[in-house]
Amino acid sequence: MTERIASTYLTPDSESALYRSLRDFWHPVMYAADLTDKPVGVRLLDEPVVVARLGRKVSAFRDLCVHRGAALSLGWLEQGKLRCAYHGWTYGDDGRCVEVPARPDLPIPPGACLTRYQAVESAGLIWVCLGTPRYEVPPFPEFTDSAYRILTGPSYDWKISSFRRLENFVDMAHFAWVHPGVLGSREHAEVTDHEVWRDGRDLRFEHTVKEPSSGEIKEQLGITDAVFDVLNSYHLSMPLSIHLTRNFPNGAHYVVFMTSSPLSQRECRNFWFVARDYALDERHDEGFMNFEHLVLSQDKPIIESLRPEEIPMDLTREMYIRVADKITVEYRRWLLEFAREEGTS
Ligand code: FES
Ligand SMILES: [Fe+2]
């Protein structure tokens, strides 16, 4: 049975309004370990951004020198300041120009100031907000929990919107079809009912799935049943981060934290970590990463094929099956609220 979705709140420009609303959230732009003693150029929401460690802080600016528009990410750091590679203008952590080497005798023009964005380091990532953040940076508590072994996955770019990427991660009905024998089984393709609710800034859901006991994640558990139940508990930190705890029947946990960075309306860069409190020896690491890479390689061609690349804000343009698509429906309803607020602000 399909679910009827009302297209209330819809404006002709809703996809763009949703995209614009993303300026008011924190987004990851790179792994913190990769930001050392050089400025780095990244892209966020079509905006070129330079991030750098100026003094003890992480700073982010539009990647554009106010003199002639050179990319500051081609420059370098000197005594906690950012020097442009073209004519050597130098900027402090507040974005103000403090040196014009060609005329050190003249006062610095008062307008010589970079466009500055908020930036913060949290849970192994550098986060940037281009506007005014509605929520805190999404939490990933296991990152500093000594009971867990943390692995950092290489970031990956997909040619699809961040929203489509997120929806794929929380889509219960695809496991049996895209990941048979890995995350699902076609003998158990049905999706059983589950609660979906809002908790602060999180969309929450829990779902018990029958999984084959193959794959490195499960082989290390010491459970010999061919298929066993796994309770997957999700915190979807709106709008683009997922914290998934996989609770195994013997009490072990496997956590995936994934956060999608919108490079543009139709391209995303995805950052991720896995954390486990069993099989802690590092000789198991490769097997766990191989498992995740297998899952991603199965998802990528399907998800990049989705059209339109953005999720349609006219929700009646796609179809929804009761129970199986419940999470997608609730996620889209919430996004629609962001789009509506943006459209009317
Ligand atoms: S463009 Fe940067 S100093 Fe001239
Ligand atoms: Fe998948």
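Predicted model, so just to flag it, every value in this text is computed and none were measured.

Some points on the overall build of the chain
- Of regular secondary structure, the chain possesses six helices and 17 strands.
- For 345 residues, the compact-globule formula gives about 20 Å, and the C-alpha radius of gyration of the chain, at 22 Å, lands near that figure.
- The C-alpha extent of the chain, read off along each of the three principal axes, is 80 × 55 × 35 Å.
- Counting the 345 residues in the chain, one finds 51% classified as buried.
- Counting only contacts in the chain whose residues sit at least 6 apart along the sequence, the fraction spanning at least 24 positions is 61%.
- For the chain, the accessible area works out to roughly 15,800 Å², and carbon and sulfur atoms hold 50% of it.
- Of the side-chain charges in the chain, 39 are positive and 51 negative, and the distance between the mean point of each set is 6 Å.

Considering the coordination of the iron ion (ligand 2)
- At 2.0 to 2.3 Å from the iron ion (ligand 2) lie its protein donor atoms, namely H174 (NE2), H179 (NE2), D299 (OD) and D299 (OD).
- For the iron ion (ligand 2), the four donor atoms are set out with angles of 58 to 151° between them, so the coordination reads as irregular.
- Of note, the donors binding the iron ion (ligand 2) are all from one chain and are spaced H-x4-H-x119-D. On the criterion of sequence distance, the pair formed by H179 in the loop between helix 3 (175-178) and strand 12 (196-199) and D299 in helix 5 (residues 285-304) is long-range, its members being 120 residues apart.

Brief notes about the domain arrangement of the chain
- Taken domain by domain, the chain comprises domain 1 (26-129) and domain 2 (141-344).
- Facing the 13 residues of domain 1 at the interface are 19 residues of domain 2.
- Summed over both partners, the interface of domain 1 with domain 2 buries about 1,200 Å², with 63% contributed by carbon and sulfur atoms.
- Looking only at domain 1, the three residues that lose the most surface to domain 2 are P28, Y31 and R43, adding up to 46% of its buried area.
- Across the domain 1-domain 2 interface, the total number found is one salt bridge.

Things to note about the pairing of strand 3 (residues 47-54)
- With six of eight residues buried, strand 3 is to be regarded as a mostly interior element.
- With five bridges joining them, strand 2 (residues 40-44) and strand 3 adopt antiparallel strand pairing. Bridge pairing in strand 3 places V42 opposite V49.
- Here strand 3 folds back onto strand 4 (residues 57-62), and the loop between the two strands holds two residues, one of which, G55, carries a positive phi near 65°.

Conventions we followed
- Once a new chain begins, its residue numbering starts again from 1 and follows that chain's sequence as written.
- Here every chain gets a letter starting at A, and every ligand a number starting at 1, in the order they are written.
- Selection of residues for local features in this predicted model requires a pLDDT of at least 70, selection of side-chain atom pairs for listing and counting requires 80 or more, and totals for whole chains, interfaces and linings are taken over all residues.
- Derived side-chain values reflect all non-hydrogen atoms in the structure, with water molecules and hydrogen atoms excluded from consideration.
- The numbering of helices and of strands both runs from the N terminus, where a helix is a DSSP run of H or I of at least 4 residues and a strand a run of E of at least 2.
- For the radius of gyration, the atoms used are the C-alpha atoms, and the globule rule reads 2.2 Å times the number of residues raised to 0.38.
- Working definition: with a 1.4 Å probe on protein chains only, accessible area under 20% of the residue-type maximum means buried, over 50% means exposed, and in between means partly exposed.
- Two residues qualify as a contact provided that any one of their heavy atoms is within 4.5 Å of a heavy atom in the partner residue.
- Shrake-Rupley sampling with a 1.4 Å probe provides the accessible areas, and residues are treated as covered by the protein chains on show and by no other component.
- Here Asp and Glu are counted as negative and Lys and Arg as positive; His is not counted, and neither are the chain ends.
- The atoms used to mark charge sites are NZ of Lys, CZ of Arg, CG of Asp and CD of Glu.
- For Na, K and Ca the donor cut-off is 3.2 Å; for every other metal, N, O and S atoms count as donors within 2.8 Å. Water does not enter the count, which can leave sites looking incomplete.
- Angular criteria define each label, namely tetrahedral for four donors with all angles between 85 and 135 degrees, square planar for four and octahedral for six donors with opposite donors over 155 degrees apart and remaining angles between 65 and 115, and irregular for whatever fails these tests.
- Here the limits of each domain have been adopted from an automatic or database domain assignment.
- Throughout, buried area stands for the accessible area (probe radius 1.4 Å) lost by two parts on being put together, summed over both.
- Each reported salt bridge corresponds to a side-chain nitrogen of Lys or Arg within 4 Å of a carboxyl oxygen of Asp or Glu.
- Paired strands, as defined in this entry, are two strands with at least two bridges between them according to DSSP.

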